[in-house]
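Below, each chain spelled out in residue letters.
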Amino acid sequence: MSSNFFKRFVFFIIPLFLFSALLGFIPYKQVLAFSYQDQGELLAYLPLKREKTFQIEYTHSIHLSEVLETYQLSRDSIKQTELAYEDFAVGMPSNAEGEEVFEEKDGVYHIKNMNRTFEYIDLRIGQVGANHRLIYKKQTVLLSRFIKPGTWIRISTKKISFWEQLDGVNING
């Protein structure tokens with residue numbers, strides 16, 4: 001009788017265990033991924049909930065004022081929807097394009113109604129004073145806490161597996 005039990009155990013439990021292990025490699029969790037730009041290796045990730053909007057805030061390296069970029073995520077792309085900044089210095093637009101709306105309010109310039117879609121965003125984490133910050137659901141996270149300053153990263157939206165979650169750093173946790 002114990003021989004039949006062992007055969008049943010092997011017949012049902014081992015395939016169940018193998019199937020469960022295999023599930024660990026199937027991408028299922030939608031995240032905002034931060035990877036080495038040239039290697040694709042996951043450095044950190046932000047699990048996405050219902051809120052699909054995030055912002056990147058930083059101090060501009062030349063005019064040393066704050067810049068705030070707002071993005072909306074879809075399944076496979078990132079759309080920039082707004083830009084806010086304080087100075088018309090090098091690298092900052094002086095007006096809106098196409099259907100965009102340019103406004104000035106309390107000394108801050110806003111370009112709204114932007115519809116600039118990207119597959120990914122490449123960014124070098126500032127080493128000196130940029131202090132790149134990720135804002136998601138009213139929480140602000142300094143990216144240099146998770147990613148070494150000077151690192152060239154690629155920000156994208158993707159699905160990751162259970163094993164990839166163990167490999168990267170959960171910014172939200």
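Residues numbered from 1 in each chain as written. Predicted model: local features only at pLDDT ≥ 70, side-chain atom pairs only at ≥ 80, totals over all residues. Heavy atoms only, no water.

Quick look at the nonpolar core now. L32, F34, F54, I78, L134, I153 and I155 are the most contacted members of the largest nonpolar core, which totals 29 residues. Of all the elements in the fold, those that place two or more residues in this core are β1 (29-36), β2 (42-47), β3 (53-59), β4 (66-73), β5 (78-85), β9 (121-124), β10 (133-136) and β12 (152-160). The residues contacting F54, other than those within four sequence positions of it, are L32, E69, T70, Y71, L73, I78, L134, I135 and Y136. By size, the runner-up hydrophobic cluster in this structure holds 5 residues, among which are V31, L42, Y45 and I160. (Core = buried A, V, L, I, M, F, W, Y, C linked by side-chain atoms within 4.5 Å. Buried < 20%, exposed > 50% of the residue type's maximum accessible area, 1.4 Å probe, protein only. Helix = DSSP H or I, 4+ residues; strand = E, 2+ residues; numbered from the N terminus. Contact = heavy atoms within 4.5 Å.)

For the structure on display, the rule yields 5 aromatic pairs. A ring pair is formed by F54 and Y71, whose centres lie 5.2 Å apart and whose planes are at 20 degrees; its orientation type is stacked. With a gap of 17 residues between them, F54 in strand β3 and Y71 in strand β4 connect regions that are remote in the sequence. We note that F54, like Y71, is buried. For the pair Y85 and Y109, a centre-to-centre distance of 5.8 Å together with 40 degrees between the ring planes defines the contact as tilted. Residue Y85 is found in strand β5, and its partner Y109 is found in strand β7 (residues 108-112); the two are separated by 24 residues along the sequence. Here Y85 falls in the buried class, since its relative accessible area comes to 0%. Here a set of aromatic residues connected by ring pairs shows up, and it is made of F25, F162 and W163. (Phe/Tyr/Trp six-rings, centres within 6.5 Å; stacked < 30°, edge-to-face > 60°.)

This paragraph deals with the environment of Q80. Summarising the element assignment, Q80 is placed in strand β5. Taking the C-alpha atoms as reference points, Q80 and K112, 32 residues apart in sequence, are found 9.5 Å from one another.

Looking now at the side chain of H110. Among the structural elements, H110 can be located in strand β7. With a relative accessible area of 17%, H110 lands in the buried category. At 3.2 Å, the side chain of H110 and the side chain of E82 are in polar contact. With near-sequence residues (within four places) excluded, H110 lies in contact with E82, L83, A84, V101, F102, E103 and K105. (Polar contact = N/O pair within 3.5 Å; in protein donor to acceptor, adjacent residues only side chain to side chain.)

On to the pattern of salt bridges, then. Taken as a whole and judged by the stated rule, the model has 6 salt bridges. A salt bridge links R116 to E100; the nearest nitrogen and oxygen atoms lie 2.9 Å apart. Highlighted residues: R116 in strand β8 (residues 116-118) and E100 in the loop between β5 and β6 (101-105), separated in sequence by 16 residues. Judged by relative accessible area, R116 falls into the partly exposed class, the value being 29%. Look at E100 and you get buried, because its relative accessible area is 13%. Beyond isolated ion pairs, a larger network of salt bridges with shared partners links E57, E66 and R133. (Salt bridge = Lys/Arg side-chain N within 4 Å of Asp/Glu carboxyl O.)

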